[in-house]
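# Notes for the structure review
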There are 2 protein chains.
Amino acid sequence: MISRQAKYALRALIALARIKPGSAAQTSDIASGEKIPKKFLEQILLRLKNQGMVQSRRGNRGGYALLKPASEITFAQVLRTIDGPIAPLPCLSIIAYARCEDCKDEHTCEIRKVFARVIEPTRQVLERTTIADAVAGRAINIEALPVTKQMA
Amino acid sequence: MISRQAKYALRALIALARIKPGSAAQTSDIASGEKIPKKFLEQILLRLKNQGMVQSRRGNRGGYALLKPASEITFAQVLRTIDGPIAPLPCLSIIAYARCEDCKDEHTCEIRKVFARVIEPTRQVLERTTIADAVAGRAINIEALPVTKQMA
DNA sequence: ATAATCTCTACCTATATTATAGAATTAGTC
DNA sequence: GACTAATTCTATAATATAGGTAGAGATTAT
């Protein structure tokens with residue numbers, strides 16, 4: 001399960017992608033429009049800002065706007081920013097690899113092999129699907145994805 | 001990330017699948033062999049027993065053994081027993097479906113659509129891979145999986 | 001009997017999740 | 001310049017989850 005926070009982040013980014021380019025949306029508007037607790041959303045937007053996904057303007061008539069084009073913000077980036085690694089095992093994580101302390105041999109670990117097969121298509125989808133895709137209502141078709149070889 | 005408990009459960013089941021049929025393995029042996037805290041493993045085996053995956057004998061020379069053939073215990077079953085739903089969103093769960101309270105319309109939710117694509121191949125692998133596969137060292141090849149249509 | 005083992009319940013600690021509160025800062029507007 | 005509306009930042013809190021420990025009780029083989 002992804003966290004509620006991650007879901008909120010995706011919804012907020014989608015909302016920001018929908019506003020007129022050049023304009024900004026205020027936290028309150030997004031919060032009420034998406035039914036997200038306002039002060040909670042503030043923190044989420046702040047994290048997205050620190051990651052360089054959105055920009056903000058303070059003060060009267062301030063608000064948030066996307067910093068990068070929606071087509072360059074992937075679901076994977078958002079999930080990694082909010083929830084951390086996408087991988088089901090530490091030893092399969094790209095952004096936070098860690099050896100399983102209790103694993104005898106990573107290369108022969110059968111559990112790892114199974115989850116390597118699991119995470120592969122997941123990454124394919126999450127890294128190729130962007131906020132723009134979500135806004136446009138075109139989720140990537142899994143059948144169109146090239147099949148890649150097993151990870152090393 | 002799957003929980004450590006789930007990883008322990010999988011390893012314990014694999015260990016049980018390796019012992020001589022008809023015999024039993026004791027918690028202590030599995031615990032030391034797999035580097036799992038013994039009392040923690042006890043609880044895990046108990047849960048697996050209550051789910052009908054393993055059987056136990058108490059008292060002197062007691063222990064655990066698989067109740068079902070290893071080829072009939074899937075990774076998905078184990079994960080669901082220990083960690084709960086496999087789905088990334090409540091609204092995509094088979095075993096614990098729940099509407100997202102803050103979702104306007106489930107059928108047009110773009111986030112849901114994306115994660116529906118994500119969970120599909122994951123389920124394919126986890127529901128087809130068994131403890132026997134892991135023991136035999138043959139993880140299912142993702143390329144061999146039939147591609148299915150999008151979920152409704 | 002007794003020793004070994006599973007069974008069951010309770011407990012504990014640390015961390016993550018999901019928020020809420022409020023003061024500080026900034027920027028537009030009158 | 002004062003006012004107001006907004007973000008920024010930090011702190012706090014309630015709740016849940018994860019990971020593990022403890023120990024009494026039940027059961028079985030010897």
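Residues numbered from 1 in each chain as written. Chains lettered and ligands numbered in written order. Predicted model: local features only at pLDDT ≥ 70, side-chain atom pairs only at ≥ 80, totals over all residues. Heavy atoms only, no water.

## Quick word on the protein's contact with DNA strand D
In the vicinity of DNA strand D there are 26 residues, among which S56, R58 and Y64 of chain A together with K39 and Q43 of chain B approach most closely. At 2.8 Å from a phosphate oxygen of DNA strand D is found a main-chain nitrogen or oxygen belonging to T27 of chain A. R4 of chain B places a main-chain nitrogen or oxygen 3.3 Å from a phosphate oxygen of DNA strand D. Where the surface near DNA strand D is concerned, the elements lending two or more residues are α3 (38–50), β1 (54–57) and β2 (63–66) of chain A together with α1 (4–18) and α3 (38–50) of chain B. Among the residues making up the surface near DNA strand D, the classes are represented as 5 nonpolar, 12 polar and 9 charged. (Near = heavy atom within 4 Å. Polar contact = N/O pair within 3.5 Å; in protein donor to acceptor, adjacent residues only side chain to side chain. Helix = DSSP H or I, 4+ residues; strand = E, 2+ residues; numbered from the N terminus. Nonpolar A, V, L, I, M, F, W, Y, C, P; charged D, E, K, R; others polar.)

## Concerning the relation of the copies chain B and chain A
At an RMSD of 0.1 Å, chain B and chain A line up after a rotation of 180 degrees and a shift of 0.0 Å along the axis. Classification of the inter-copy transformation places it as that of a two-fold axis. Measuring from the rotation axis to each C-alpha of chain B, the shortest distance belongs to P121 of chain B, at 3.3 Å. By residue overlap, the copies meet face to face through one surface: 100% of the interface positions of chain B are interface positions in chain A. (Least-squares fit on C-alpha atoms with pLDDT ≥ 70 in both. Contact = heavy atoms within 4.5 Å.)

## Focus on a positive patch on the surface
On the surface, R18 and K35 of chain A together with R99 and K104 of chain B cluster together into a patch of positive charge. Summarising the element assignment, K35 of chain A is placed in the loop between α2 (27–34) and α3. Owing to a relative accessible area of 48%, K35 of chain A belongs among the partly exposed residues under this scheme. (Patch = residues over 30% accessible without salt bridge, like charges linked within 9 Å, V, L, I, M, F, W, Y side chains within 5 Å. Areas by Shrake-Rupley, 256 points an atom, 1.4 Å probe, with all protein chains shown as cover. Salt bridge = Lys/Arg side-chain N within 4 Å of Asp/Glu carboxyl O. Lys, Arg positive; Asp, Glu negative; His and termini not counted. Charge placed at Lys NZ, Arg CZ, Asp CG, Glu CD. Buried < 20%, exposed > 50% of the residue type's maximum accessible area, 1.4 Å probe, protein only.)

## Considerations on the interface of chain B and chain A
Taken together, the contact between chain B and chain A spans 47 residues of the former and 47 residues of the latter. Our enumeration of links across chain B and chain A arrives at 4 salt bridges. Between E101 of chain A and R4 of chain B there is a salt bridge, with the nearest N and O atoms lying 3.5 Å from each other. Across the contact surface, chain B and chain A share 8 residue pairs in polar contact (both at pLDDT 80 or more). Elements with a minimum of two residues in the side of chain B that touches chain A: α1, α2 (27–34), α4 (75–83) and α5 (110–128) of chain B. No other element matches α5 of chain B, which puts 12 residues into the side of chain B that touches chain A. For the side of chain B that touches chain A, the residue count by class is 25 nonpolar, 7 polar and 15 charged.

## What to know about the packing of aromatic side chains
Note on aromatic pairs: each is described by the distance of the centres and the angle between the planes. This structure, assessed with the given rule, holds 4 aromatic pairs over all chains. Both rings, one in Y8 of chain A and one in F40 of chain A, keep their centres 5.9 Å apart while their planes meet at 85 degrees; by these two values the pair is edge-to-face. Of this pair, Y8 of chain A sits in helix α1 (residues 4–18) while F40 of chain A is found in helix α3, placing the two residues 32 residues apart along the sequence. F40 of chain A gets classed as partly exposed once you look at its relative accessible area, which sits at 30%. Plain terms: the ring middles of F75 of chain A and F115 of chain B are 6.1 Å apart, the flat faces sit at 55 degrees to each other, and that makes the pair tilted. Of this pair, F75 of chain A sits in helix α4 (residues 75–83) while F115 of chain B is found in helix α5, placing the two residues in two different chains. Accessibility assignment for this pair places F75 of chain A and F115 of chain B in one class, buried. (Phe/Tyr/Trp six-rings, centres within 6.5 Å; stacked < 30°, edge-to-face > 60°.)

## Focus on the protein's contact with DNA strand C
Near DNA strand C, the surroundings consist of 28 residues, among which K39 and Q43 of chain A together with S56, R58 and Y64 of chain B are the closest. Here a phosphate oxygen of DNA strand C and a backbone polar atom of R4 of chain A are 3.4 Å apart. Of all elements in the fold, only α1 and α3 of chain A together with α3, β1 (54–57) and β2 (63–66) of chain B reach the threshold of two or more residues within the surface near DNA strand C. The element best represented in the surface near DNA strand C is α3 of chain B, accounting for 5 residues. Here the residues of the surface near DNA strand C are counted per class, giving 5 nonpolar, 13 polar and 10 charged.

## A closer look at the state of the cysteines
Residue and element names in this part refer to chain B. Enumeration according to the criterion identifies 0 disulfides over all chains in this entry. With no disulfide of its own, C100 lies 4.0 Å from the sulfur of C91, the closest cysteine sulfur. The exposure class of C100 is buried, given its relative accessible area of 4%. (Disulfide = S-S within 2.5 Å.)

## Remarks on the domain arrangement of chain A
All names here are of chain A. Annotation of chain A at the domain level lists domain 1 (4–66) and domain 2 (70–144). Put simply, the middle of domain 1 and the middle of domain 2, counted by C-alpha atoms, are 25 Å apart. At the interface, 14 residues of domain 1 touch 12 residues of domain 2. Overall, the association of domain 1 and domain 2 removes approximately 1200 Å² of surface from exposure, summing both partners, and the carbon and sulfur fraction of that is 83%. The interface formed by domain 1 and domain 2 includes 2 residue pairs in polar contact (both at pLDDT 80 or more). Going through the elements one at a time, α1 and α3 are the ones with two or more residues in the side of domain 1 that touches domain 2. Class assignment for the residues of the side of domain 1 that touches domain 2 results in 10 nonpolar, 2 polar and 2 charged. (Domains from an automatic or database assignment. Buried area = accessible area lost by both parts, 1.4 Å probe.)

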